[in-house]
Amino acid sequence: MRPTRRDFLRTLSAAAAAWGLEGCLQVDKGQIVPYVRRPPESVPGRADTYATSVEVDGYGVGVLGECHTGHPTKLEGNPLHPASLGALGAAEQARILDLYDRDRLRALLHDGRPAAWDAFLARFGARGDAPWVRRAGEGLCLLLAPTASPLRARLIEELLALYPRASVRFSGGDVARWEAARQAFGEPLEPRYDLTRATRIVSLDADFLADEPNWIRWSRDWAVRRRVHGPDGEMSRTYVVESFVTPTGVAADHRLAVPGNEVVHVGAALLGALAQAGLPVPIAARASLERSAHRAWAEAVARDLVACRGEVAVFVGRRQPVAAHLVGIALNAALGGPVTWAPSPLLGAGTAAFDAAALVDALRGGAVDTLVTLETNPAFELSPDLGWATAAAKARERVHLAYLPDETAESATWLLPALHDFERWGDTRAYDGTAAPVQPLVRPLVAGHTPDGVLAMLAGDRAPDLRDRLARRWGERLEAALPRGVFDDTAAAPAPRRDVDWDAVARALPSPAADAGLVLDLVRDPRTDDGRRAHNVWLRELPEPVTKLVYDNAAVLAPATAARLGVANEDVVEIRRGDAAIRLPVWVLAGQAEGAVAVWTGYGRRAGGALAPQHGVDVSPLRTGREPWIVPGVEVRATGERHALATTQPHRDPHGRPILLRRTLADWRADPQFAVAQNTPPPSLLPNRSDVPRTQQWGMVVDQTLCTGCSACVVACVAENNIPMVGKAQVRLGREMHWLRIDVYDGARGPAFQPMMCVHCEKAPCEYVCPVNATSHSHDGINEMTYNRCVGTRYCSNNCPYKVRRFNWLEWHRGDEDVLRMHANPDVTVRARGVMEKCTYCVQRLRGAEIEARTGGRPIEAVPVTTACAQTCPTGALVFGLVSDPGAEVSKRRAELHAYAVLNEVGTFPRTRHLARIENPNPDLRS
Amino acid sequence: MSAPFRPIADTWLRVGLGATVLVVAGGPVVLWGYMRSPLFTTTGQAVDQPVEFDHRHHVRDDGISCEYCHFDAWRAAPAGVPSTDLCMNCHSQVWNDSPLTEPLRRSWFEDRPIAWNRVHQVPDFVFFDHRAHVTRGVACETCHGRVDLMPRVEQVATLQMGWCLDCHRAPERYVRPPEDVAVMGYTPTIPGARIVAELDLRPPLRCSGCHR
């Protein structure tokens, strides 16, 4: 049959319609892929938490890793671990991002070509053909990062039993501290502080609230005596002597700014003043006091310390030389405070194993055939005058285990990919000796090994099973320790009091200070862990606590020094010492010691991931092995060039407005009601939501006395709420996205920190101006932000007096979708371009807790829940909870007399209340 | 000089005006309708699956409760598609040589998961929690319909916000005793208001209840 024209058209149109309709109907909604064999403990949509631990400077810190369908997404401190007690610092939390780093080493490389682990074993295993295998290890040299791991100790023993002539060495370490203790006590000991019993704390250049080993625990304990509940309360007093303004210096009551090389003189003067005040100081220390430029200061402090003797703790910073540590030992001994001296848990502490110069000499002498560097980066970390590069080149084989292709990897003949902290089995030992297991949160993403695995392979194990070795090391205790994250009762016994060799102290007392000229103070950057984490964008975009600079390092100068040199912010200066010079931009900072220029180390990496070499300048040309941190006699001159820096807070003068209330304890006693006016809302025509019948009410309190600016909360917020990073150029445009920022305001008594995030106003200016109701108020007091409603008018941000709203100017996550899918918190929306966002009080956690309470038939008060920032705060400065529950900690703190509403006068009724910063200055001292 | 407009211009103007009125007035109506039509909501479209799984057979003939396979709905946010091992609990014994269960055996022996096609999907910015609903008297069939009568599962409800709020605003119209949530073809015996009072149901109406 021949189709007519009409039939043809009819068929065609019907087909077209059906085809079109089919296209509409078949919406692809994706797929659901369940397990084949489901692990019994897994519940889809619910996070699993595993207890493990990580090493920080070699000391263990317990962490809890939150995993969603096998992907670790967030870290919290382990409340059972003594070095954490639930808190965790910024750098430790950011390790979760490293796990998904695109630049990590994925395969073993031999002379730059992919090779198998079998090839490595064939060369270096028990029957390998390396020459030292048959010569009892002669020519084998291992360099490890500092570690206190008991398992690693056993593996090193095994290796040395097999190869007795091999040498095992460690990099870094607090060498000066150990050496001072060796001179004073005869043994390389470390101080143990009980700050819960210390009412006076003296820090000689020690950033013990943000960077010293065990600082998280020190912060926790420091807060116990620092928190003040009312004008009748007592609080501790902290003195800091330092060059650069550190978080500890800001948190302190008195901060004496001196160049780093003068700290020891101030310490000696203090010792002299103690002797003058009649304390038993059996050496002639008075001369140090008499010639000191800070005599009045030292005498006033000494009077105060003597009055509180038995309750004084003295810290000496890790930058300081042996003499300063000896002075610190003497001060602690004279004052008899809660300080004891105990052996370091670190392997080889205080021995020649930490002597970098000896290692370089051995290399240069050609005694090393095979150099094995395990997760340490001497090519960047050692000062260049040691001549690492040429010395290491003398070793025939250079084996390097690394997570990222760092500087040492450049010259490695065997480059081994390391497993991440969260892919491995092992153990750690904390500062106080408590051992903790390391268990993987995720199956290894690459075929790598850990230092333990490499040690076992060198000792003849072809396929090391570290879980099995751990079980053999710990026996039945392992099973009990894994769910809790600590091995019980492994802390070191309390150390006995020890007698100080005062002669050693007397020898260390500094001779009169010669004029050292301008001093270069190199300062460890706690954010990037001295450059080791320079590849981590969460840490690079984390504002430095005091200057609020991101990405770059700078030459920090006091205003007077800058004026003398004729330079201002962002002017490039040349810092010269002999033939070596570096050029970097200036940042002028009030409070920086005059006559000193402070620069953070760890910048200007040559390698180590895509981000590490970007921004910042390497200071190592000016560094020497003898003076690694404090370099006297540098010349600084302006070059006429400019370099743009990015800061998140360009202005820090409150112009007398009551933004950050601060009082001394004495003033508070004189005027107990000083904050009440700032806590009494002005009359308002707007409806009062407090009259609405309510269920539970959430709220927060920020204790500005306790905030040390350590920024752990900022990174916790980033991890919890999928906050994007924007890069230096965008930060300069003011487009950073952190929901939680820590402002710093200058005052007559120095700078102070103010954590600021959405304060969840009960009469929120943002809510009234949103044309689409994208921001609205919830029944339980949360100022909600509904991203899918937001059309990006930015009226809310313009109307917000606290400036806590962040706008997605660009699609920040573009190109990162694959990584984001793994590390992002699946309970929080990933915001698109054109959407406003801000702190939500971690509403996903609150709603989860509500569902938990309602479905479980429990009251909401019985479900433990808090925000990410409050959870991780080492000092407990942030407290979150139910303000409707009078028994809750947050309610008690809100009711304290020094609680106030920031910008109370604009009538926003913020739900978050700040507690005024209370300081406890010495009445005998003027500043 | 000729006239600027020819007579036909008048007609064009009228047609143009009419079209404008139609688009302005009718456009929203069309959109309104489209948003509610199955074209947009994807309701009523039976979805093919890699396994010829028939809920009619499993629920009606065998009397297997929803909870046996979708037990996660009682304890987690997603209801969960059963893993292969759950299917094999029975199908290692029954119909273990049927060609219909061949994909199951292949998944089991090759250790390769079965990729099921999604039937219900809410947008990424919605955080729906099954546990909060099924333990609080919102039944399976209230949202998913009579799955026991579906040879291939199809979406019954629109899953749009207005539909959610219908129940969140007036839960008494939909809830039943929590022990009956898995019953198909349930006839209410207890007044909803009493259940709401007994369970103290206060479904969230604020944005962050679902959007976070």
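Residue numbers run consecutively from 1 along every chain, following the written order of its sequence. Think of it this way: whatever chain is written first is A, whatever ligand is written first is 1, and the rest follow in order. Per-residue local features of the predicted model are confined to residues with pLDDT of at least 70, and side-chain atom pairs are confined, for both listing and counting, to 80 or more; whole-chain, interface and lining totals are unaffected and use all residues.

With respect to the overall build of chain A
Along its length, chain A carries 30 helices and 39 strands. Relative to a compact globule of 927 residues, whose C-alpha radius of gyration would be 30 Å, chain A shows 30 Å and is just as compact. Referenced to the eigenvectors of the C-alpha coordinate spread, the extents of chain A come out at roughly 115 × 80 × 65 Å. For the purpose of contact definition, each residue receives a C-beta atom placed from its backbone, and two residues are in contact when these atoms lie within 7 Å. Looking at chain A alone, contacts between residues at least 24 apart form 74% of all its contacts between residues at least 6 apart. In DSSP terms, a helix is any run of H or I states spanning at least four residues, a strand is any run of E spanning at least two, and both are numbered starting from the N terminus. We compute the radius of gyration over the C-alpha atoms and compare it with the globule rule, which gives 2.2 Å times the number of residues raised to the power 0.38.

Points about the overall build of chain B
The helix and strand inventory of chain B stands at ten helices and one strand. Of the regular secondary structure in chain B, the N- to C-terminal order runs α-α-α-α-α-α-β-α-α-α-α. A globule of 212 residues ought to have a C-alpha radius of gyration of about 17 Å, yet chain B, at 25 Å, is considerably larger. Projected onto the principal axes, the alpha-carbon positions of chain B cover approximately 95 × 50 × 35 Å. As a rule, residues whose C-beta atom has 12 or fewer other C-beta atoms within 10 Å are exposed, those with 20 or more are buried, and those in between are partly exposed; C-beta atoms are placed from the backbone. Counting all 212 residues of chain B, 22% fall into the buried class. Summarising the internal contacts of chain B: among those between residues at least 6 apart in sequence, 71% fall at separations of at least 24.

Digging into the domain arrangement of chain A
All names here are of chain A. What marks off one domain from the next here is an automatic or database domain assignment. Segmenting chain A into domains produces domain 1 (109-173 + 352-474), domain 2 (175-343), domain 3 (514-628) and domain 4 (698-919). Between the C-alpha centres of domain 2 and domain 3 there is a distance of 26 Å. Counting residues at the interface gives twelve residues for domain 2, matched by 16 residues for domain 3. Classifying every residue of the side of domain 2 that touches domain 3 gives eight nonpolar, three polar and one charged. Under the scheme applied, nonpolar residues are Ala, Val, Leu, Ile, Met, Phe, Trp, Tyr, Cys and Pro; charged residues are Asp, Glu, Lys and Arg; polar residues are all the others, including Gly.

Observations concerning the interface of chain A and chain B
Each partner contributes residues to the interface: chain A has 34 residues there, and chain B has 38 residues. Those elements giving two or more residues to the side of chain A that touches chain B turn out to be helix 1 (5-25), strand 1 (31-32) and helix 28 (843-856) of chain A. Take the side of chain A that touches chain B: its biggest share by element is six residues, from helix 28 of chain A. Here the residues of the side of chain A that touches chain B sort into 15 nonpolar, eleven polar and eight charged. In short, DSSP must find at least two bridges between two strands for them to pair. Of the pairings in the sheet, the one linking strand 1 of chain A to strand 1 (residues 116-117) of chain B comprises two bridges and is antiparallel in character. When the bridges of strand 1 of chain B are listed, A:Q31 appears paired with B:N117.

What about the packing of helix 5 (residues 84-91) of chain B against helix 6 (residues 102-110) of chain B?
Two numbers describe a pair of packed helices, the interaxial angle and the distance between the axes. Residue and element names in this part refer to chain B. Relative orientation of the contacting elements helix 5 and helix 6 amounts to 120 degrees, with a least axis distance of 10 Å. In terms of their interaxial angle, helix 5 and helix 6 are classed as oblique. Seen along the crossing, helix 5 lies across helix 6 with a hand that is left-handed. For the pair helix 5 and helix 6, the contacting residues are T84, C87, M88 and H91 in the first and L104, S107 and W108 in the second. Looking at side-chain class alone, the contact of helix 5 with helix 6 contains four nonpolar, three polar and no charged residues. Between N-to-C directions, angles span 0 to 180 degrees; the directions come from axes that are lines fitted to C-alpha atoms, helices contributing only their stretch in contact. Throughout, the term roughly parallel applies to angles under 35 degrees, roughly antiparallel to angles over 145, roughly perpendicular to angles from 65 to 115, and oblique to all others. The handedness criterion is simple: a crossing whose near helix is rotated anticlockwise from the far helix by less than a right angle is left-handed, and one whose near helix is rotated clockwise is right-handed.

A word on the sheet that holds strand 12 (residues 254-257) of chain A
Within a sheet, neighbouring strands are paired by backbone hydrogen bonds and run either parallel or antiparallel to one another. Residue and element names in this part refer to chain A. Sheet architecture is open: four strands sit in the order 12-11-10-13, paired in parallel fashion. Strand pairing shows two members of the sheet lacking a second neighbour, strand 12 and strand 13 (312-316), which therefore form its edges. Along the sheet, successive strands turn relative to each other by an average axial angle of 10 degrees, direction set aside. With four bridges joining them, strand 11 (residues 237-242) and strand 12 adopt parallel strand pairing. The residue bridging V241 from the neighbouring strand is L256, located in strand 12.

Some thoughts on the packing of helix 9 (residues 263-276) of chain A against helix 12 (residues 322-335) of chain A
Residues and elements named next belong to chain A. Interaxial distance between helix 9 and helix 12 falls to 9 Å at its minimum, and their mutual angle equals 25 degrees. With respect to helix 12, the element helix 9 is oriented roughly parallel. The chirality of how helix 9 crosses helix 12 is left-handed. Here V263, V264, G267, A268, L270, L271 and L274 of helix 9 lie close against helix 12, whose contacting residues are A323, A324, V327, G328, A330, L331 and A334.

Examining the pairing of strand 11 of chain A
Residues and elements named next belong to chain A. With respect to burial, strand 11 is a largely interior element, six of its six residues being buried. Here strand 10 (residues 200-204) runs beside strand 11; their pairing, made up of five bridges, is parallel. The residue bridging R200 from the neighbouring strand is R237, located in strand 11.

What about the pairing of strand 19 (residues 435-438) of chain A?
Residue and element names in this part refer to chain A. Burial of strand 19 is two-sided: the residues A435 and P437 facing one way and the residues A436 and V438 facing the other way are all buried. Taken together, the four bridges between strand 18 (residues 426-429) and strand 19 define a ladder with antiparallel strand orientation. The partner of D427 across the bridge, within strand 19, is P437. Hairpin geometry of strand 18 and strand 19 is characterised by an intervening segment of five residues between the two adjacent antiparallel strands and by a positive phi of about 95 degrees at G433.

Side note on unusual backbone geometry
All names here are of chain A. For A136, which is not a glycine, the phi torsion comes out positive at approximately 55 degrees. By the secondary structure assignment, A136 is in the loop between helix 4 (117-124) and strand 7 (140-144). Using a count of 13 C-beta atoms within 10 Å as the deciding quantity, one classes A136 as partly exposed. With a phi close to 50 degrees, E375 is a non-glycine residue in the positive phi region. For E375, the location among the structural elements is in the loop between strand 15 (370-374) and helix 14 (378-381). Judged by the 21 C-beta atoms lying within 10 Å of it, E375 is buried.

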